[in-house]
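The primary structure of each chain is shown beneath.
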Amino acid sequence: MKDCGIESIDAKKNRIAENVRSITEDFNDNNLVRIKNRALSVKKELFNFRMQLAYNRATESLESDFDWTSIFEKFDTELSTIINS
């Protein structure tokens with residue numbers, strides 16, 4: 001994922017991406033309740049992050065400018081699959 005150059009936004013984006021990666025890797029773990037709860041938490045964090053970007057006029061175009069939309073949609077789909085399994 002490309003960085004936008006705004007340190008606080010890049011840090012949040014990278015943290016969310018790492019959390020999604022970690023959850024999808026742990027999905028075969030025996031403790032599915034814990035993983036589903038983590039997935040739900042990260043899905044909420046992703047939603048809030050996207051809303052924060054969209055709400056602020058200075059950052060509303062970052063998601064499309066840096067091609068994050070398709071990646072965020074993939075994250076959302078992966079997390080939904082885990083939550084609904």
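Calculation rules
Each chain has its residues counted from 1, running along the sequence as written. In keeping with the predicted nature of the model, local features appear solely for residues at pLDDT of at least 70, side-chain atom pairs appear and are counted solely at 80 or more, and the whole-chain, interface and lining totals rest on all residues. The basis for every side-chain value is the complete set of heavy atoms in the structure, and neither hydrogens nor water enter the calculation. As used in this record, nonpolar core signifies buried Ala, Val, Leu, Ile, Met, Phe, Trp, Tyr and Cys residues forming a set joined through side-chain atoms within 4.5 Å. Relative accessibility under 20% of the residue-type maximum defines a buried residue, over 50% an exposed one, and the middle range a partly exposed one, all with a 1.4 Å probe and only protein chains included. Strands here mean DSSP runs of E at least two residues long; helices mean DSSP runs of H or I at least four residues long; both are numbered from the N terminus. Residue contacts are defined here by distance: any two heavy atoms, one from each residue, within 4.5 Å place the two residues in contact. Whenever a carboxyl oxygen of Asp or Glu lies within 4 Å of a side-chain nitrogen of Lys or Arg, that contact is scored as a salt bridge. The angle between two axes is taken between their N-to-C directions and runs from 0 to 180 degrees, where each axis is a line fitted to C-alpha atoms and a helix contributes only its stretch in contact. For classification, angles of less than 35 degrees are called roughly parallel, those exceeding 145 degrees roughly antiparallel, those between 65 and 115 degrees roughly perpendicular, and all remaining angles oblique. Each crossing gets its handedness from the near helix: less than a right angle anticlockwise from the far helix is left-handed, clockwise is right-handed. Residues are grouped as follows: Ala, Val, Leu, Ile, Met, Phe, Trp, Tyr, Cys and Pro are nonpolar; Asp, Glu, Lys and Arg are charged; all remaining types, including Gly, are polar. pLDDT is a residue-level measure of predictor confidence that goes from 0 to 100.

A word on the nonpolar core
In terms of nonpolar packing, the biggest core is built from 19 residues, with Ile 9, Ile 23, Leu 62 and Trp 68 touching the most fellow members. Those elements that place two or more of their residues in this core are α1 (7-26), α2 (32-55) and α4 (69-83). Looking at which element gives the most residues to this core, the answer is α2, with six residues. Setting aside anything within four residues of it in sequence, one finds Ile 9 in contact with Cys 4, Phe 49, Leu 53, Thr 59, Leu 62 and Trp 68.

Quick word on the pattern of salt bridges
Going through the model one piece at a time under the given rule, you end up with 10 salt bridges. Residues Asp 76 and Lys 43 are paired through a salt bridge, measuring 3.6 Å at the closest nitrogen-oxygen approach. In this pair, Asp 76 sits in helix α4 while Lys 43 sits in helix α2, placing the two residues 33 residues apart along the sequence. A salt bridge links Glu 63 to Arg 50, with the shortest nitrogen-to-oxygen separation between them at 2.5 Å. With Glu 63 in helix α3 (residues 62-65) and Arg 50 in helix α2, this residue pair connects regions lying 13 residues apart in the sequence. The buried category is assigned to Glu 63, whose relative accessible area is 11%. In this structure, a network of salt bridges that share partners links the residues Glu 18, Arg 21 and Glu 25.

Here we look at the packing of α1 against α2
In contact at an axis separation of 10 Å, α1 and α2 are set at 155 degrees when each is read in the N-to-C sense. By the angle class used here, α1 and α2 are roughly antiparallel. For the pair α1 and α2, the crossing hand works out as left-handed. Between α1 and α2, the residues in contact are Ile 9, Lys 12, Lys 13, Arg 15, Ile 16, Asn 19, Val 20, Ser 22, Ile 23 and Asp 26 and Ile 35, Arg 38, Ala 39, Val 42, Glu 45, Leu 46, Phe 49, Gln 52 and Leu 53, respectively. Here the contact of α1 with α2 is built from residues that sort into 10 nonpolar, three polar and six charged.

Let's talk about the confidence of the model for the chain
Of all residues in the chain, 99% have pLDDT values of 70 or greater, and the mean over the chain is 93. The element-level mean pLDDT for the chain is lowest in α1, coming to 93, with α4 highest at 95.

Points about unusual backbone geometry
The backbone of Asp 67 sits at a positive phi, close to 55 degrees, despite the residue not being glycine. Note on placement: Asp 67 falls in the loop between α3 and α4.

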